[in-house]
Structure formats: structure tokens, C-alpha cells
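Reading the structure
Listed below, chain by chain, are the residues.
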Amino acid sequence: MKVTLINHSDTLGGASVVTYRLMQALQNAGVDAQMLVSIKSGQNDHVTQISSRHFRNYAFLMERINIFTRNGFSRDNLFKISTATHGLPASKHPLVTNADVIVLNWINQGTLSLDEIDKIARLGKPIVWWMHDMWCLTGACHHALECDHYKHQCGKCRFIGDGSDKNDLSHITWLKKNKIFTNPNIHYVAVSNWLANKAKESELLRNADISVIHHAFPVDFFKTTPSNDIPAQLLGLPNNKKLILMGAARLDDPIKGVGYAIDAINLFVAQYPNEAKDCELVLFGDIRDSSLLTRIKMPYHHIGRINDNKTLRHLYAMSSVVLSTSTYETLGATLIEGQAAGCVPVAFAHDGRDDIIDHKKNGYRAENKSTQDIADGIAWAINNAPTRDSLHDSVRNRFSNDVIAQQFINLFNCLINKESTGK
């Protein structure tokens, strides 16, 4: 079986990491899997760049210029939406024409245009579109936040102009998508049940064929105990405290809800003093406004961006709780990685994180945006922590590379058989 996975990049961004990881997992399962990308940063011979840098830059710039002008030449929401007006000629590439199955992933920022996606769909091959965010079910935005315009035909988008035009760029893009996304060759795969439900609510994908297959994780890599390969003192962390861990690429990204985390930590300190005296907070990731951290009433450590997976593994292994107070997550990588290492996840509920946490069994699901419930959840995790082995096993059974690869292989076989029989 020949499978080609198309993505914006092989290493840049979360979707790139999980797509690359899926390619390797499929290869380990005996599948001839290759990646086709707009930007190749690594050295893997199984990753191929679609076109030259010149054409890639042209496609990227033309799409952004169109959005920029529609937004009154404001950069504020320049990357909150994508319109796929321009892209690269992937439909003619041998890795596409010779594939048995094509897997679309995050294909924006000049990777594929809607016209090119239409050409690929018309090749008659099974297409699996692994949805990493909400772009497939909205007119143009990657995350709809509290907006429900995707339930209709979009328009009046908060990210375009003043948000008052019902025939804005989001509605125009929605109309183009609607002509293409109904192609029966396309099977949609959401990374969480929450995202699948959002898709089924949408006007675009309401009647589409949708499955749920989670991101794959190297869960066994994270199963470890604190060791001497990266001593705690090199990270500036105590080895006699229970560490509460929270991380993101950018901590003060509004979506990550660091303000909720700080408020919850302060409530925990005030209401659970016996537990809090033995705890310290650890934050990793970039931050633009470090003054936010001055509100924290617990000893804390901000160790910046972590680019080394071994350091990240050690950090999880040292920690007792992994915290997520994002306003939404399509899944939640830090929770899965932390749980694989034996940390108790505590997070807001009602999105993709519900697929990770079984409440008060392998973690704590707090009421959305309730800092009090997060504080109570941290206390529960400190006092009722499951064994680290049981936390790891819970993740391994659902998110490991081999488990996810087999789920995709089963889907590929089903789609190929459906195509061959015409049923």
C-alpha cells in the first residue's frame, strides 16, 4: 500500500510533528508511506518538497496579500484565517498520482489551493483529510472560538474587516469549499470527538463521512523516572517538592489561558495551604509579557522554551501534575505526554481534552473557565494521584504510535475496498 501524506512542513508546527510521526508509524507497520510538503527542513529521504522555494513564496504571499487588503492593511488577524486561493501543483506530483491513498493534513499558507484540492479529489483515489483544527468546517478561520457562523455559511467574520459584511471573504471561501468538500472520495478524520461533533454541526461537513483518530505519541519514550542524565539542579528545580507543570509554545498566547492558571494557583494556595506548601509551579515556553507572572503566589520557575525532548521527558518525570487552562484545545499534547510520564492531568473540559481525561480516574476535568474547579482539581491530584504506571498505560492503550497507525491502516483498507467494489 502506497500512502502519501501532504502537509505544509515536515518539522515546523504541531501538525507537522504529528504528520511526520504518523508517516514513521505507518512505515514501521509495513506501509510505503511518504510525505509531500511545501517546506522541508529535515533530512529524511521519505519527505519530498512539492515545488521550488520561489513558487512556494509566491503562493504564500499572494494569499496573504489578499487577506491583508481585505483587512484594511491590518496585521492583527493576518494568520487567523486561510483562504487557499493559491498553492502548489501537488496533483501532478508522482507521489500523488502513484499513491493508493492520499492523506491531507494542514495544507494552508500556500501549500494547496482549493482548486488543487479539487484536482486531487477528481483523481478518484481515496482521500483521508486528517483535521488538526477547525479550518475544514469553517469558511476561513482555523478556530471559531465562540462564533457559531460555521453552523450556517459563515460571513460577518470577526477576523475580516469590521465583522459586519455577510458576504465577506469567509463566506466567499465557504462557497468555494462547499463545491469541493462534498466529493465522495474525501473521508474526514477528526483528531478528537469534540472536533468531530463540531464538524457534524457545521453546514459544510454535516453530511460528510467523519471518523475520529487521535494524534499518535511516542508514549513509551516518556515513561521514565527522574535520572541523572539531566540533573534537576541544571533546570533550577527542587527535588523535594511536588511540581505543577504547565507549558506551551507561547505561554501568554490568549488561547492558552495562563491568567486562568495563575488565578487557580492562587486559589489553591489560599484554600489548600497544607498541600500548597509542598508544591511549586513550573512553566515552560516563550512569554512576551513576563510581568504576568508576578501575580503568582506560589514559588515558581519559568525555564523558557524547551527544544530537547529528553529535557522535556525529564521535566514530566519530575512533575506531579500537568495543567492545561486553554480556552479550547482540539486535543492537548502536553496532557498526553505528561500522563505518559506519570503526571496527573488537570484541565478545563468540554473540548478535545475530554478524550484524554477520564474524570477522577486518570485526571481531573474542571468546568470550563472555572478557576475554582481547577484549584480543586489540583488538590484532588495531589491527594489522590493514580500510580504513574496506570497513568502511562491509560495513554498507551489510546495514543501510542502503533495503535494509531493500525487505526489508519484499517481505515485505508476499508476505503480501498469500497473504491474497488463501488459500494
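Throughout what follows, the structure given in this document is the object of discussion. (Residues numbered from 1 in each chain as written. Predicted model: local features only at pLDDT ≥ 70, side-chain atom pairs only at ≥ 80, totals over all residues. Heavy atoms only, no water.)

**Focus on the pattern of salt bridges**
Stated formally: Every case where a carboxyl oxygen of Asp or Glu lies within 4 Å of a side-chain nitrogen of Lys or Arg is listed as a salt bridge. In this scheme, a residue with accessible area under 20% of its type's maximum is buried, one over 50% is exposed, and one in between is partly exposed, where area comes from a 1.4 Å probe on protein chains only.
Scanning all chains against the criterion turns up 16 salt bridges. A salt bridge links Asp278 to Lys277, with the nearest nitrogen and oxygen atoms 3.5 Å apart. Given a relative accessible area of 53%, Lys277 falls into the exposed group. As a salt-bridge pair, Arg353 and Asp351 come within 2.6 Å of each other at their nearest N and O atoms. With respect to class, Arg353 is no different from Asp351; both count as buried. One continuous salt-bridge network, built from bridges that share partners, spans Glu146, Arg158 and Lys369.

**A word on the side chain of His187**
What counts here: We count a stretch as a helix when DSSP gives it H or I for four or more residues in a row; a strand needs E for two or more, and each element gets its number in order from the N terminus. Two N or O atoms count as a polar contact when they lie within 3.5 Å, although within protein this holds only if one can serve as hydrogen donor and the other as acceptor, and sequence-adjacent residues are included solely when both atoms are side-chain atoms. In this analysis, two residues are considered to be in contact whenever any of their non-hydrogen atoms come within 4.5 Å of each other.
Inspection of the secondary structure puts His187 in strand β6 (residues 186-190). Of the residues examined, His187 reaches a relative accessible area of 5% and is grouped as buried. A polar atom in the side chain of His187 sits 2.9 Å from the side chain of Asp209. Discounting residues that sit within four places of it in the chain, His187 has contacts with Ile127, Val128, Trp129, Asp209, Ile210, Ser211, Leu411 and Leu415.

**Here we look at the packing of aromatic side chains**
The line we're drawing: Aromatic rings from Phe, Tyr and Trp, taking only the six-membered ring of Trp, are treated as a pair when their centres fall within 6.5 Å; an angle between ring planes under 30 degrees marks them as stacked, one over 60 as edge-to-face, and anything in between as tilted.
By the definition in use, this model includes 14 aromatic pairs. Each ring, one from Phe181 and one from Tyr188, has its centre 6.3 Å from the other, and the planes form 50°; the classification is tilted. Residue Phe181 shares its accessibility class with Tyr188, and that shared class is buried. Ring plane angle 85° and centroid distance 5.6 Å describe the contact between Tyr260 and Phe348, whose orientation is recorded as edge-to-face. With a gap of 88 residues between them, Tyr260 in helix α7 (residues 258-271) and Phe348 in strand β12 (residues 344-348) connect regions that are remote in the sequence. Aromatic ring contacts, followed pair by pair, group Trp129, Trp135, Phe181 and Tyr188 into a single cluster.

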